[in-house]
Each structure stands twice: as C-alpha cells, then as structure tokens.
Amino acid sequence: MTTWAPIEYTDVAELRGPLIVVQGTRNVGWDEYAMITLESGERRHGLVLDVDRDLAVVQVLEGTGGLRAETTRVTFTGSPLRIPVGAGWQGRVCNGRGRPLDGGPPIFGDDSAPVAGFPMNPTVREPPAEPVITGVSAIDALTTLVRGQKIAVFAESGLPHLELAAQVAAQAHTGGEPFSVIFAAMGLTHGDAGTVRDILERRSSAAELTLLLNLADDPVIERLLTPRIALTVAEHLAFVLRRHVLVVLADMTSYCEALREVSAARGEIPARRAYPGYLYSDLASIYERCGRIRGQPGSITVLPVLSMPAGDITHPVPDLTGYITEGQILLSREVLPYPHIDPLSSLSRMMRAGVGAGRTRPEHLDLAAQIQAGLSRARQAGELADLVGESALSPADRRYLAMAEAFRTRLLAQRPEEARTLEETFERAWQVVSVLPRSELSMLSEEALEAGYKGTS
C-alpha cells in the first residue's frame, strides 16, 4: 500500500503582497493547506489559490512580512484547511482564523470539517419557515427574518449598522427552541470591536454565541477566511447538533475589499470598480450556505451586513448581494431615529412563509401591508405639503401624516439596548394604524379590527 508523504519545497520564486509563488511543485491542488517555515523556525499557514503546471500561488494567512524567498520553506499537506467543529465554539471569542482571544484554551471538537464547505444539495433543501424574532420592532413587524433565509442589511455610510447587527445578535431567539448565534466581524477598528464585545458579552457568557473578530490591522487574507469559518461552525451546530443558528456577517464590504486586494496581488484582470470578475460567485459561495434540510430540525439563517460606499446601492457589493439574498433591510440617514430602517425600501421575500397563525399573529401580513400602504400614502402627502403647505392638505392626508409620525415614534424608534417582545411589537403596530379612521384600513379583516383597533372612528 502506497502512502502519501508531504514534500517540503524551498524554491520560492516570488513574494507578492500577501502571496508567495512556489515553483517546482507536483500534485498540489486548489484550496490545499500549506505550512510555511521561516528561517527563524516560525511557522505560518497558507492556502493554495492557484496552480499552473509546476507553479503554486499560496496566500499566507499571517502575511508575508519578514519572509525571505531564499530561506522560506513550504510544505503542502495534501488536504484543504480543516477546523474542529462542535459545541466547544459556543461562548468563545476568537480572531478571524478561530484562534482564542478570550484567554481560554484552543478550541477542540468531536470532529473536523473543511473551511471551504459544501453547497447544500437542492434536492434535500426545505423551504424557509418559522420566524427568527430579533426584538427589533421594525424588523419583526415589517421584514421578518425566517429560519433558513438569507437577508442583507444595507447601510449608508456613517449609520450604526454595526450596532444594529450586534443588537440583533444579542436579542434574537426562536421562541425557546435550541438557538445559537455566530457573529463574524470583518475589518473592525479596535473601538468598534470593543463595542461589539460589550453588546454581546451577556449572550457570549451564556454560551449561546460565538464571536469571530477580524480587525482592520489583521492580515487581509484572514478576512477571507472569517465568514467561511463562521459558516463551517454553524453547519455542525445546525445539522449535527440540531440547533437553529443565526450567522451575522459584518461588514461584507470589508470582505470584498480584501478580495479585491488579493485579486490585484494575483495580477487578475479587474471588473467593475476593480473588483474581480468572480465577485458574484464568491459571494454566492458564502450566502448560499444557509437553509434547512428536509427531515432535520436545525437551520442556518444568514444576515450579511454591509455598508454602501457613498450611499450607492448600485455599488457592486450591495448590487450583487441583492441578487443573491432574499430581501434587504435598508438603513437611511433620512429616516430618524435609530435604528434608521427605511420601511418602504426594505423587504423580506420569505416573510410570508414565516408569519401568521401559529407562528406570530394571524393578522401579521395584513397589518404589515396596511402600515406599508399608510407610510406610502404619507410620503406622497408629505411631498405635496412641501409644495402647498400642510394646511392645504385634505383631512385624510393629515391623518396619514399623523400615522407616519406615530410609526416613527411608537414603532420605529427603539434604544440600542431595548429588546421588545413580539406582543409589544404588535401592540405598538396597532397603535400606529389606529391613528387612521377605521374606514381607511381596508387591508385588515373585520375580525382583526374588532380585536386590535384602538381608534374611535
């Protein structure tokens, strides 16, 4: 029987940014894990990005600083990068490569899994169903997260999208069923990382959350691994340990910028705004690792969070993300106060499958539709008021403006540390629509109005 033995190569042809080019290689494959040994004996880790005849391009996870081509040795392991998986990840704070930052021991698991992961077989995929309650009223009422869904948060620059992502991660639940959260932070400043750790401290100490922190001054290559490590951990928790898992990925714009930097170092021909032409497929390989498997109780829900450079929703990162995900939650500086969610630009395409009788409330869809319709009418009335003055509006238009103000103050406005129950969210939603005359609420059934309407006419 022939056994494979790793071969150490010393012929490093080039150091290029975070990459090294090794020549004279044989039987090396894409995504293969490599060990890089420096002259001092220090060891670093790498992944094979490309292979061409006897050349192998290796991305060094810790960066190439301090490396000298003539003294560097590279050993290929013959297998992709794997990490331990299991319940040991819960309650831990790690860097973007899964190394502990909380002073605890290295993470061990009952098994290991390749970081690259595998796409879910569509023949066994179950459609998303049942809600994930976030405790944020504007989301739970109007753009409900559904277990197994992928839905993105788009934010204009300068808005607290990171705080909102951490709030959702701290508060989300599935009504008492086994639930875990994995928060993968990418490209954060030290100040932002401290804020995230503070917000998530309680959930982390309860062993319900895994926090992966990739900082802005960490190696750029590590940033490309962080979301994949998060999803690899999530897949084991969901489909082996049978838990519902919410994976928050923030900020995916930092991830894409890291991908662009590595692509430039490889000398690839750029596409839109210098991003690589495979940006869409790369994002899809991350976002599509969610869902439910027929016959198994677990699920993975993915919430990518990304900032839009210059507030441009047509920028390649939000544009391509919007094609892949099943809805978006848009944060706009024109919408006050926190959490700045624009209800008329936000949409959850899977909401219909996750709400209603037996899940949230029987009138949920109709109530959400009524609020959306009222806000749309109020926006038209506001534009008209800017032209002719509010005093020239009809009584009905003024009621719609009052309804929009009630939405802003009673339902939308919420403190970053405030967690609302589903019952409280519906109570506030009914207060909003009850500003309108009952005759205007044509989307709600008489039965629902009898039970929930709080107005006098």
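Here, every reference points to the structure presented above.
What comes next concerns the included structure. Predicted, not measured: the structure shown is a model, and the values here were computed from it.

## Section: the overall build of the protein chain
Then step 1. Helix and strand counts for the protein chain come out as 12 helices and 21 strands.
Then step 2. In terms of overall size, the protein chain behaves like a compact globule, its C-alpha atoms giving a radius of gyration of 25 Å where 457 residues would be expected to give roughly 23 Å.
Then step 3. Seen through its C-alpha atoms, the protein chain measures out along the principal axes to roughly 85 × 45 × 40 Å.
Then step 4. Across the 457 residues of the protein chain, 54% fall into the buried class.
Then step 5. Sequence separation of at least 24 residues holds for 71% of the intrachain contacts in the protein chain that already meet a minimum separation of 6.

## Remarks on the packing of aromatic side chains
Then step 1. The tally for this structure, following the rule as stated, stands at one aromatic pair.
Then step 2. The side chain of Arg260 reaches across the aromatic face of Tyr275, ending 4.3 Å from its centre.

## A closer look at the environment of Thr189
Then step 1. Structurally, Thr189 can be placed in the loop between strand S15 (179-188) and helix H3 (190-205).
Then step 2. Considered as a pair, Thr189 and Asp217 are 28 residues apart in the sequence and their alpha carbons are 8.0 Å apart.
Then step 3. Among the polar contacts made by the side chain of Thr189, one reaches the main-chain amide nitrogen of Asp192 at a distance of 3.1 Å.

## Looking at the sheet that holds strand S5 (residues 43-52)
Then step 1. Pairing in this open sheet of seven strands is antiparallel, and the strands run S1-S7-S4-S5-S6-S3-S2 from one edge to the other. In the strand order of this sheet, the two ends are held by strand S1 (8-9) and strand S2 (12-16), each with one partner.
Then step 2. The pairing of S5 with strand S6 (residues 55-60) spans six bridges and is antiparallel. The partner of Asp50 across the bridge, within S6, is Val57.

## Describing the packing of helix H6 (residues 279-287) against helix H7 (residues 316-324)
Then step 1. With their axes 10 Å apart at the nearest point, H6 and H7 run at an angle of 50° to one another. One element, H6, and the other, H7, form an angle in the oblique class. For H6 against H7, the interelement crossing comes out right-handed. Contacts between H6 and H7 involve Leu279, Tyr280, Leu283, Ala284 and Tyr287 from the first element and Pro316, Leu320, Thr321, Tyr323 and Ile324 from the second.
Then step 2. Looking at side-chain class alone, the contact of H6 with H7 contains nine nonpolar, one polar and no charged residues.

## Focus on helix H5 (residues 252-265)
Then step 1. Its 14 residues place the ends of H5 20 Å apart at the C-alpha level, agreeing with the 20 Å of an ideal helix rising 1.5 Å per residue.
Then step 2. Taken across its 14 residues, H5 has 10 buried, putting it largely inside the fold.
Then step 3. Where H5 is concerned, the buried positions are Met252, Thr253, Ser254, Tyr255, Cys256, Ala258, Leu259, Val262, Ser263 and Ala265.
Then step 4. The backbone nitrogen of Thr253 has a side-chain oxygen 2.7 Å away, supplied by the residue at the start of H5, namely Asp251.

## Some words on the side chain of Ser332
Then step 1. Considering the arrangement of structural elements, one finds Ser332 in the loop between strand S20 (327-331) and strand S21 (347-348).
Then step 2. Excluding its chain neighbours within four sequence positions, the residues that come into contact with Ser332 are Glu156, Leu159, His340 and Asp342.

## Some thoughts on the pairing of strand S8 (residues 82-85)
Then step 1. What you see with S8 is a clean split: Ile83 and Val85 sit on the buried side and Arg82 and Pro84 on the side with no burial.
Then step 2. As paired elements, S8 and strand S10 (residues 111-114) share four bridges and run antiparallel to each other. Opposite Pro84, over in S10, you have Ser112 as the bridge partner.

## As for the state of the cysteines
Then step 1. Per the stated rule, a full pass over the model turns up zero disulfides.
Then step 2. Cys256 takes part in no disulfide bond, and the closest cysteine sulfur, belonging to Cys290, lies 17 Å away.

## Thoughts on helix H9 (residues 364-388)
Then step 1. Taking 1.5 Å of rise per residue, 25 residues should cover 36 Å, and H9 covers 36 Å from first to last C-alpha, within 8% of that figure.
Then step 2. For H9, the secondary structure elements touched by its buried residues are helix H1 (137-142), helix H8 (351-354), helix H10 (395-412) and helix H11 (422-433).

Here is what the cut-offs are and how they apply
- Just so you know, the residues in each chain are numbered from 1, in the order the chain's sequence is written.
- Residues qualify for local features only when their pLDDT is at least 70, as the model is predicted, and side-chain atom pairs are given and counted only at 80 or more; totals for whole chains, interfaces and linings, by contrast, use all residues.
- The side-chain quantities take in all heavy atoms of the structure and omit both hydrogens and water.
- A run of DSSP states H or I qualifies as a helix once it reaches four residues; a run of E qualifies as a strand once it reaches two. Both are numbered from the N-terminal end.
- The quantity called the radius of gyration is restricted to C-alpha atoms. Its globule counterpart is 2.2 Å times the number of residues to the power 0.38.
- With a 1.4 Å probe rolled over the protein chains alone, any residue whose accessible area is under 20% of its type maximum counts as buried; one over 50% counts as exposed, and the rest are partly exposed.
- In what follows, a contact means two residues having at least one pair of non-hydrogen atoms within 4.5 Å.
- Stacked, edge-to-face and tilted are the three classes for Phe, Tyr and Trp ring pairs, Trp counted by its six-membered ring, which pair at centre distances within 6.5 Å; planes under 30 degrees apart are stacked, over 60 edge-to-face, the rest tilted.
- Note on geometry: a ring has a charge over it if NZ (lysine) or CZ (arginine) is within 6 Å of the ring centre and within 35 degrees of the ring normal.
- N or O atoms within 3.5 Å of each other form a polar contact, as long as, within protein, one can give a hydrogen and the other can take it, and as long as residues adjacent in sequence are counted only when both atoms are side-chain atoms.
- A pair of strands is labelled paired if DSSP reports no fewer than 2 bridges between them.
- For helices, the fitted line uses only the C-alpha atoms of the stretch in contact; every axis is such a line through C-alpha atoms, and the angle between N-to-C directions lies from 0 to 180 degrees.
- Here the word oblique covers every angle except those under 35 degrees (roughly parallel), over 145 (roughly antiparallel) and from 65 to 115 (roughly perpendicular).
- If you view the pair so one helix is near and one far, a crossing is left-handed when the near helix is turned anticlockwise from the far one by less than a right angle, and right-handed when it is turned clockwise.
- Only Asp, Glu, Lys and Arg are considered charged in this grouping, and only Ala, Val, Leu, Ile, Met, Phe, Trp, Tyr, Cys and Pro are considered nonpolar; every other residue, Gly among them, is considered polar.
- Helix span is expected to be 1.5 Å times the residue number reduced by one.
- Defined by distance alone, a disulfide is two cysteine sulfur atoms within 2.5 Å.

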